[in-house]
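Understanding the architecture of this molecule
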Amino acid sequence: MWHNQVEALSADYRCIVPDLPEHGKSINEGILSIADSAERIHKLIADNENGAPVHLVGHSIGAKIIAAYLAQHPDTAQTAVIISALFRPMPILKLTMNRPAYRLTEKLLKNESVLNWQVKQFGFRDEQDREKLSEDFRLLNADAMDHLYGELYRHLSIPDLSGVKTICLVVAGEKEPPAMRASASDLAAAIPHARAVLFSGCRHDIPWKAADELNITIREWIKQIPLSAPIVNELR
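Keep in mind that what you see is a predicted model, and the values were worked out from it rather than measured.

Parameters at a glance
- Each chain has its residues counted from 1, running along the sequence as written.
- Two thresholds apply to this predicted model, a pLDDT of at least 70 for residue-level local features and 80 or more for giving and counting side-chain atom pairs, whereas whole-chain, interface and lining totals are computed over all residues.
- No hydrogens and no water enter the side-chain calculation; it runs on all heavy atoms of the structure.
- Numbered from the N terminus, helices here are DSSP runs of H or I no shorter than four residues, and strands are runs of E no shorter than two.
- The globule rule used for comparison is 2.2 Å times the number of residues to the exponent 0.38, while the radius of gyration itself is calculated over C-alpha atoms.
- Burial classification: accessible surface area is computed with a 1.4 Å probe over protein chains only, and a residue below 20% of its type maximum counts as buried, one above 50% as exposed, and the rest as partly exposed.
- Here the open area of atoms and residues is found with the Shrake-Rupley method and a 1.4 Å probe, where only the protein chains shown may cover a residue.
- Asp and Glu count as negative and Lys and Arg as positive, but His and the ends of the chain are not part of the count.
- A charged residue contributes its charge at one atom only: NZ of Lys, CZ of Arg, CG of Asp or CD of Glu.
- Any Lys or Arg side-chain nitrogen found within 4 Å of a carboxyl oxygen on Asp or Glu counts as a salt bridge.
- For two strands to pair, DSSP has to find at least two bridges joining them.
- Think of a 1 Å grid over just the protein atoms. A cavity is a set of points where a 1.4 Å probe fits yet cannot get out, a pocket is an open set with protein on both sides within 12 Å along at least five of seven lines, and lining residues have an atom within 4 Å of a point.
- Grid points are joined across faces, edges and corners, and a volume is the space filled by probe spheres set on the points.
- Interaxial angles span 0 to 180 degrees and are taken between N-to-C directions of axes, which are lines fitted to C-alpha atoms, for helices over the stretch in contact.
- Contacts: residue pairs with any heavy atoms within 4.5 Å of one another.
- Angles are sorted into four bins: roughly parallel if under 35 degrees, roughly antiparallel if over 145, roughly perpendicular if 65 to 115, and oblique for all others.
- Between the first and last residue of a helix there are one fewer steps than residues, each counted as 1.5 Å, and that sum is the expected span.

Moving on: the overall build of the protein. For the protein, the count of helices and strands is 10 helices and five strands. Rg of the C-alpha trace for the protein: 17 Å, near the compact-globule value of 18 Å for 236 residues, within the 12% margin. If one aligns the C-alpha atoms of the protein with their principal axes, the spans along those axes are about 50 × 35 × 35 Å. The buried share among the 236 residues of the protein stands at 45%. Counting every atom, the protein has about 12,300 Å² of accessible surface; 53% of that belongs to carbon and sulfur. Taken together, the 26 basic and 30 acidic charged side chains of the protein have centroids lying 5 Å from each other.

Shown next, in the form of structure tokens:
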């Protein structure tokens, strides 16, 4: 889902897009956890930075992994763009985030019509994104869903970020649930050098629905110049 950003930024920056455990090419790389993934990111950076500035971008669980990474390594990255990180409860999710629901979902996704409908809900603009998501859904099982959603929704405490030196932009979609928008404000307040903004008209789909605006925003945040994308509004 990051190919729009890679295409837009790779002329000026080396872009590395890791697969998380139980995702994509890392489907057999152990059980997904935020803490373990943060350390994997740390090793990836250590092996590849070669003294160059480090800039982080993450969405959803990737955004929560960035928060965990910054708590453990507060001065490694120069900037971070943290998109749609949930740190407040959403009671309605208790109805769907449970083992029986995961087992049912695993069975339903084996039906091509259900699979295609589910992929369509994400609203990807590019066929390659839709094909990649279909492949990932075909590999998804109840255990992986339990690990993924457990990490997303059961770990809602913001880590201690008071010592973070990284300059952070915390982003949420204007049409995301109130808990997500409030989480962005909470997270920005927990980081000494942070700002929170909303992307107008967006739900949990900023990297692909607002790809061009996000690419501009990432580039401007890295350079620390005023944000110019018209879709970006201050979050209060």
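The next thing to look at is the pattern of salt bridges. Applying the stated criterion across every chain, the model contains nine salt bridges. With a closest N to O distance of 2.6 Å, R219 and D12 form a salt bridge. In this pair, R219 sits in helix α10 (residues 211-223) while D12 sits in the loop between α1 (3-9) and α2 (34-48), placing the two residues 207 residues apart along the sequence. Residue R130 pairs with E127 through a salt bridge whose shortest N-O separation is 2.8 Å.

This part is about the pairing of strand β4 (residues 194-199). Strand direction decides the pairing type here: strand β3 (residues 167-173) and β4, joined by six bridges, are parallel. Within β4, the position partnered with A172 by the bridge is L198.

Tallied over the full model, the rule gives one cavity of 30 Å³ or more. There is about 30 Å³ of room inside the largest cavity. Looking at the largest cavity, the residues that line it are I82, S84, A85, V170, V171, A172, M180, S183, A184 and L187. Among the elements of the structure, β3 and α8 (178-190) are those that each provide at least two residues to the lining of the largest cavity.

One open sheet accounts for five strands, arranged β1-β2-β3-β4-β5; its pairing is mixed. Edge strands, defined here as strands with exactly one partner in the open sheet, are β1 (55-59) and β5 (232-234). Sheet twist, expressed as the average angle between the axes of neighbouring strands with direction ignored, equals 25°. Contacts from α8 reach β2 (79-83), β3 and β4 within the one sheet, and its direction differs from that of β3 by about 170°.

Two numbers describe how α2 lies on helix α3 (residues 61-72): the axes approach to 8 Å, and their chain directions differ by 70°. As the angle between them shows, α2 and α3 are arranged roughly perpendicular. Along its contact with α2, which presents I34, S37, A38, E39, I41, H42 and I45, the element α3 presents I61, K64, I65, A68, Y69 and Q72.

The next subject is the environment of A172. Along the polypeptide, A172 turns up in strand β3. Those residues in contact with A172, other than ones at most four positions away along the chain, are S84, M180, R181, A184, V197, L198, F199 and I206.

Not every positive phi belongs to a glycine, and S60 is a case in point at roughly 60°. In the Ramachandran plot, Q224 falls in the positive-phi region, its phi being about 55° despite a non-glycine side chain. Looking at the secondary structure, you find Q224 in the loop between α10 and β5.

Counted at 1.5 Å a residue, the expected span for α10 with its 13 residues is 18 Å, and the 18 Å between its end C-alpha atoms agrees. The set of residues buried in α10 consists of A211, L214, N215, T217, I218, E220, W221 and I222. Just downstream of α10 lies Q224, where phi reads positive at about 55°.

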